[in-house]
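# Architecture at a glance
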Amino acid sequence: MNAQLSREIRLKNRPDGLPSESDFELAEVAVPLVGDGEILVQNIYMSVDPYMRGRMVDRKSYVPPFQLNQPLDGGCVGRVVESNIDQFQVGDFVLGRSGWREYFISNGTGLVKIDPNVAPIQAYLGTVGMPGLTAYVGLLDIGKPKEGETVFVSAAAGAVGSIVCQIAKLKGCKVLGSAGSDEKVSWLLEEAGVDAAFNYKKVDNIIAEVGKQCPKGIDVYFENVGGVHLQAALEHMNTYGRVVMCGAISMYNATKPVPGPPNLFYATSKQLTLQGFIVSDHLGKLPQFYADMGKWLADSQIKWKETIVEGLENAPQAFIGLFTGNNFGKMIVKVGD
Ligand SMILES: NC(=O)c1ccc[n+]([C@@H]2O[C@H](COP(=O)([O-])OP(=O)(O)OC[C@H]3O[C@@H](n4cnc5c(N)ncnc54)[C@H](OP(=O)(O)O)[C@@H]3O)[C@@H](O)[C@H]2O)c1
């Protein structure tokens, strides 16, 4: 072992309800020496994502649960600082899955070199990364919007939602977005170019508001939130509408099972398609996504917001902030330079 130290965040307790900072622990470990066929990466940015809440529960799911007293992991972007692998040079930027720590050793498996000339490196955790692909696949492959149709997006100013809104506009749809602050609503209207948006925390009745804003009904609902948002969408879906079941963040901290929407029978009477998906099952779409997103970015047709929290020690707070809407666009933690 050499003298270099790396800080990491570990899961101390499995949270009950909304996580608190005391559920996490900051620890220091020595950085191991770099062996043959290995590289040392210094993380610069790491991602906090809503799905990580599910991994804090000890249950079988599409990703294994985090282990207690072990460092968490997740998307990260870093710089190669030592290399014993020909394909990686010192100074290369890489996208990996070893977030929540300052340094990590890798044999290169699962690491992707990224080009800082295409987009700022942290965007590989957002618009040109997993959330961007989620928006792309979810809207286009599952939602299948047609020109002139109405698309309703919840958590519309978030990492996924903000990109869904703009791709739907590029496809010639009418777009309604729901978000949790007036500032987010203004950005959606003025920058993202949606047709209508509302602050769900300020309206008296979300169901009535969605009806008012979608006089021709909804053809595609991009579901990020669950609860009343799903109920509102079902209420106003058109026949043969598609509900893209991407996420349900309002339910992730529930301490007991949350009942489904009372109007679910509309799925039958309106002949709706409700389809869930997990982005990691659609990695085959990456080349097409990079091609389309690269063009849209080059043409300034997609805009994005990001909230950058400074310091690994503040990663738990950044993560918890996802559940109170502290992020505007992608929530990212800066862990190094
Ligand atoms: N299926 C997949 O493969 C996949 C992949 C990535 C993400 N997702 C899902 O997509 C959704 C968005 O993820 P993201 O990474 O883009 O996060 P995000 O939207 O950037 O951040 C979460 C946002 O959710 C909103 N929110 C939090 N609690 C809420 C509540 N109780 N009611 C309504 N809104 C609430 C907040 O915005 P406001 O200020 O608007 O409240 C917050 O900013 C999540 O449900 C996530 O699990 C799914």
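Since the structure is predicted, the reported quantities are computational estimates derived from the model, not experimental observations. (Residues numbered from 1 in each chain as written. Predicted model: local features only at pLDDT ≥ 70, side-chain atom pairs only at ≥ 80, totals over all residues. Heavy atoms only, no water.)

## Things to note about the pairing of strand 9 (residues 174-179)
Of all six residues in strand 9, five are buried, a share of seventy percent or more. Inspection of the sheet shows strand 8 (residues 150-153) paired to strand 9 by four bridges, in the parallel sense. The partner of Val153 across the bridge, within strand 9, is Gly177. Both strand 9 and strand 10 (residues 196-199) contribute to a ladder of four bridges, which runs parallel. Within strand 10, the position partnered with Ser178 by the bridge is Phe198. As a crossover connection, the stretch from strand 9 through helix 4 (residues 182-190) into strand 10 is right-handed. (Buried < 20%, exposed > 50% of the residue type's maximum accessible area, 1.4 Å probe, protein only. Helix = DSSP H or I, 4+ residues; strand = E, 2+ residues; numbered from the N terminus. Pairing = 2+ DSSP bridges. Right-handed = clockwise from strand over helix to strand, strands pointing away.)

## Quick notes on unusual backbone geometry
A positive phi angle is found at Asn69, which is not glycine, with a value near 65°. Mapped onto the elements, Asn69 comes out in the loop between helix 1 (51-55) and strand 4 (76-83). Its relative accessible area of 45% is what places Asn69 among the partly exposed residues. One non-glycine residue with positive phi stands out, namely Ser300, at about 55°. Here Ser300 is to be found in the loop between helix 8 (286-298) and strand 14 (306-310). Looking at Ser300, the relative accessible area reads 56%, which means it is exposed.

## Overview of the packing of aromatic side chains
Aromatic ring pairs are reported here in terms of the distance separating the ring centres and the angle at which the planes meet. Overall, the coordinates contain ten aromatic pairs when judged by the stated rule. Connected via pairs of aromatic rings, a cluster forms that spans Phe24, Trp100, Phe319 and Phe323. For the cation-ring pair, Lys113 lies above Phe88, with the distance from its terminal atom to the ring centre recorded as 5.8 Å. The side chain of Lys305 reaches across the aromatic face of Phe328, ending 4.7 Å from its centre. (Phe/Tyr/Trp six-rings, centres within 6.5 Å; stacked < 30°, edge-to-face > 60°. Lys NZ or Arg CZ within 6 Å of the ring centre and 35° of its normal.)

## Some words on the environment of Ala248
In this fold, Ala248 is placed in the loop between strand 12 (237-245) and helix 7 (266-269). Assessed through its relative accessible area of 15%, Ala248 is described here as buried. For the pair Ala248 and Gly74, spaced 174 residues apart in sequence, the C-alpha to C-alpha distance is 20 Å. Setting aside chain neighbours within four positions, we find Ala248 in contact with Asn224, Val225 and Gly226. (Contact = heavy atoms within 4.5 Å.)

## Quick notes on the site of the ligand
Neighbouring residues of the ligand: 27 residues in total, closest Lys184, Tyr200, Tyr252, Val279 and Asn327. A distance of 2.8 Å separates a nitrogen atom of the ligand from a polar backbone atom of Phe277. Residue Asn327 places a side-chain N or O atom 2.5 Å away from an oxygen atom belonging to the ligand. Protein contacts shield 92% of the accessible area of the ligand, which totals 910 Å² for the unbound molecule. Put simply, the parts of the chain that give the shell around the ligand at least two residues each are helix 2 (130-143) and helix 3 (159-170). (Near = heavy atom within 4 Å. Polar contact = N/O pair within 3.5 Å; in protein donor to acceptor, adjacent residues only side chain to side chain. Areas by Shrake-Rupley, 256 points an atom, 1.4 Å probe, with all protein chains shown as cover.)

## Focus on the nonpolar core
Residues Leu139, Val153, Leu188, Phe222 and Met293 are the most contacted members of the largest nonpolar core, which totals 48 residues. Elements supplying a minimum of two residues to this core: strand 3 (39-47), helix 2, strand 8, helix 3, strand 9, helix 4, strand 11 (218-223) and helix 8. Sequence-distant contacts of Val153, that is, excluding residues within four places in its chain, are made with Gly161, Val164, Cys165, Val175, Leu176, Gly177, Ser178, Phe222 and Asn224. Counting 33 residues, the second largest nonpolar core, distinct from the first, contains Val48, Trp100, Ala318 and Val333. (Core = buried A, V, L, I, M, F, W, Y, C linked by side-chain atoms within 4.5 Å.)

## Structural notes on the side chain of Asp23
With respect to the helices, strands and loops of the structure, Asp23 is situated in the loop between strand 1 (5-11) and strand 2 (24-30). Of the side chains with opposite charge, Arg53 comes closest to the buried, unpaired Asp23, at an N-O distance of 7.1 Å. (Lys, Arg positive; Asp, Glu negative; His and termini not counted. Salt bridge = Lys/Arg side-chain N within 4 Å of Asp/Glu carboxyl O.)

## Focus: a nonpolar patch on the surface
Where nonpolar side chains cluster on the molecular surface, the patch consists of Met251, Tyr252 and Val258 and spans about 220 Å² of accessible area. Within the secondary structure, Met251 is located in the loop between strand 12 and helix 7. (Patch = residues over 30% accessible without salt bridge, like charges linked within 9 Å, V, L, I, M, F, W, Y side chains within 5 Å.)

## Details of the packing of helix 2 against helix 3
Running from amino to carboxyl end, helix 2 crosses helix 3 at an angle of 45°, the nearest separation of the two axes being 8 Å. With respect to helix 3, the element helix 2 is oriented oblique. Relative to helix 3, helix 2 is oriented so that their crossing is right-handed. Each of Pro131, Thr134, Ala135, Tyr136, Leu139 and Leu140 in helix 2 lies in contact with helix 3, whose residues at this interface are Ala159, Val160, Ile163, Val164, Ile167 and Ala168. Residue composition of the contact of helix 2 with helix 3, by class: eleven nonpolar, one polar and no charged. (Axes fitted to C-alpha atoms, helices over the stretch in contact; angles between N-to-C directions. Parallel < 35°, antiparallel > 145°, perpendicular 65-115°, else oblique. Left-handed = near helix turned anticlockwise from the far one by under 90°. Nonpolar A, V, L, I, M, F, W, Y, C, P; charged D, E, K, R; others polar.)

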